[in-house]
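Fold and geometry: a report
Listed here are the chains, written in short residue letters.
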Amino acid sequence: MIYLQLFLSFLQIGLFSFGGGYAAMPLIQGQVVTQHGWLSMEEFTDLITISQMTPGPIAINSATFVGIKIAGIPGALVATGGCILPSCVIVTLIAKLYLKYRNMAMLQGVLNSLRPAVVAMIASAGISILLTAFWGSGAAVDLLRTNWVLVVIFVICLVLLQKFKMNPIWVMVLAGVLKVAAALVAGA
Amino acid sequence: MKRKGEILRKLFWSTLYLSAFTFGGGYVIVTLMKKKFVDQYHWIEENEMLDLIAIAQSSPGAIAVNGAIVVGYKLAGMIGAFTAIVATIIPPFVIISLISVFYNAFRENFLVSQMLEGMQAGVGAVIAAVVYEMGAGIVHGKNPMSLLIMAGAFVAACIFEVNVVYVVIVCGLIGVVRTMAGKRRAGK
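Residues numbered from 1 in each chain as written. Chains lettered and ligands numbered in written order. Predicted model: local features only at pLDDT ≥ 70, side-chain atom pairs only at ≥ 80, totals over all residues.

This next bit is on the overall build of chain B. On a plain count of helices and strands, chain B comes out with seven helices and zero strands. Mapped in sequence order, the helices and strands of chain B form the string α-α-α-α-α-α-α. The globule rule puts the C-alpha radius of gyration for 188 residues at 16 Å, and the 21 Å found for chain B is more than 25% above it. Taking as baseline every contact in chain B between residues at least 6 positions apart, the subset at least 24 positions apart corresponds to 45%. (Helix = DSSP H or I, 4+ residues; strand = E, 2+ residues; numbered from the N terminus. Rg over C-alpha atoms; globule rule 2.2 N^0.38 Å. Contact = placed C-beta atoms within 7 Å.)

This paragraph deals with unusual backbone geometry. Excluding glycine, residues mostly carry a negative phi; peptide bonds, for their part, are mostly trans. All names here are of chain B. Within the chain, H42 stands out as a residue other than glycine whose phi angle is a positive 55 degrees. By the element assignment, H42 lies in the loop between α2 (26-40) and α3 (46-58). On the basis of neighbour counts, which here come to 9 C-beta atoms within 10 Å, the residue H42 falls in the exposed class. Even without glycine at this site, K142 takes up a positive phi of about 55 degrees. Residue position: K142 is located in the loop between α5 (110-141) and α6 (144-159). (Buried ≥ 20, exposed ≤ 12 C-beta atoms within 10 Å, placed from the backbone.)

Moving on to α2(B). All names here are of chain B. Over its 15 residues, α2 extends 20 Å from the first C-alpha to the last, a length consistent with the 21 Å expected when each residue adds 1.5 Å. Among the residues making up α2, those that are buried are G26, I29, V30, M33 and F37. Taken down its axis, α2 places every buried residue within 95 degrees of arc, on the same side. Exposed side chains of α2 directed beyond 90 degrees from the buried face belong to D39 and Q40. Just downstream of α2, H42 is the residue with a positive phi angle, here 55 degrees. (Expected span 1.5 Å × (residues − 1). Arc of directions from axis to C-beta.)

Here we take up helix α4 (residues 58-101) of chain A. Given 3.6 residues per helical turn, the α-helix brings residues three or four places apart onto the same face. For α4(A), spanning 44 residues, the distance from its first C-alpha to its last is only 32 Å, which falls clearly below the expected 64 Å at 1.5 Å a residue. Along α4(A), the helix axis deviates most sharply at A:A71, where the bend reaches about 145 degrees; the proline A:P74 sits within four residues downstream. (Bend = angle between axes of the 7 residues up to and from the residue.)

Okay, the packing of α4(A) against helix α4 (residues 63-106) of chain B next. Their axes nearest at 11 Å, the elements α4(A) and α4(B) cross at an angle of 160 degrees. Taken as axis vectors, α4(A) and α4(B) run roughly antiparallel relative to one another. Judged by the sense of rotation from one axis to the other, the crossing of α4(A) with α4(B) is right-handed. Along the lines of polarity and charge, the residues of the contact of α4(A) with α4(B) split into 18 nonpolar, eight polar and one charged. (Axes fitted to C-alpha atoms, helices over the stretch in contact; angles between N-to-C directions. Parallel < 35°, antiparallel > 145°, perpendicular 65-115°, else oblique. Left-handed = near helix turned anticlockwise from the far one by under 90°. Nonpolar A, V, L, I, M, F, W, Y, C, P; charged D, E, K, R; others polar.)

Locating B:V167 in the fold gives a position in helix α7 (residues 164-187). On the basis of neighbour count, B:V167 is assigned to the buried category, with 26 C-beta atoms found within 10 Å. When neighbours within four sequence positions are excluded, B:V167 is seen to be in contact with A:A117, A:M121, B:A153, B:A156, B:A157 and B:V162.

All names here are of chain A. Assigned domains of chain A: these are domain 1 (2-137) and domain 2 (147-188). The C-alpha centroid of domain 2 is placed 27 Å from the C-alpha centroid of domain 1. Each partner contributes residues to the interface: domain 1 has five residues there, and domain 2 has six residues. Of all elements in the fold, only α3 (41-53) and α5 (105-135) reach the threshold of two or more residues within the side of domain 1 that touches domain 2. Tallying contributions element by element places α3 first for the side of domain 1 that touches domain 2, with three residues. Looking at side-chain class alone, the side of domain 1 that touches domain 2 contains three nonpolar, two polar and no charged residues. (Domains from an automatic or database assignment.)

Time to look at the packing of helix α6 (residues 148-162) of chain A against α5(B). At their nearest, the axes of α6(A) and α5(B) sit 8 Å apart, and the two run at 40 degrees to each other. When the axes of α6(A) and α5(B) are compared, the pair comes out oblique. For α6(A) against α5(B), the interelement crossing comes out right-handed. Residue-level inspection shows A:L150, A:I153, A:F154, A:C157, A:L158, A:L161 and A:Q162 of α6(A) in contact with α5(B), the latter providing B:E117, B:G118, B:Q120, B:A121, B:G122, B:G124, B:A125, B:V126, B:A128 and B:A129. In terms of residue class, the contact of α6(A) with α5(B) is built from 11 nonpolar, five polar and one charged.

Shown next as structure tokens:
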């Protein structure tokens, strides 16, 4: 039963993520955190972090990670299978249609309308990640309980990314190191 | 027949290699695929490869997987697609499986948990930068409908917590209507 749930969840993730990269992130959050509770918001954020630092698409990484956590290696295989099945069918179909008609106007039109929505949904997922980082998952936004160290790290990272165009992987490593340093200083 | 075996073997190893060493997501990997299969092996013509990449990018699912499917299918039919998919999935599957073992063992460690907590702020910054870049592209497009879709999708996903699958379906349908209306206008 759990295998079927994993399969169907990741089937939806594979079927509805358009645009690559972060497009799958809000869908994974919806299925894995909100709907099934397979990961906590912290674990989900860790998963996105790990995905950033390793090769491979976020959706495949998530399928492996969640599958193993919920049902071991067979779970990971089933989830990964569900995740790529829509691609296999749809890509082959579109390739055939395309080779026949040489026209992708409709598909491009649909994508043009999806792109703004995808940006908005990524933003929404990003906001829940930041809320979790700054105030802990499920906690109310309360200025007195803000994790100011993480807010400062966030601002530093943003400047490094936007102003200095630093590589995202290094920015994330630096963020981790800064937090460790802050914890050691606070502990000392 | 020997030639097909040769192609499959090369296809397997080159997609495995690309998948294992490409950081930075699907858009990067399809570019590297073009270099490998067009410029190095001369298996696919440049124009056709650009079309294949367009198909991989406009279909749902991970772009790296979609790219593997179109290239594999083009070179050796269904077996080719299957070979390329398996080769693309093996590296992230193995890497994430190993990491999830360590994750469970080390998440409670003080330094590791501090590191990951700092990285939550880092990944939040990376996502914020991506959203800013993508969002700015859409705002500069100055298409009122796209702006409306972006705002509407954000309100739906972030404030009303609508399942993102529905947001994708609705915006996709809007895209269909827009494209058909555009065609009719062009026809008159």
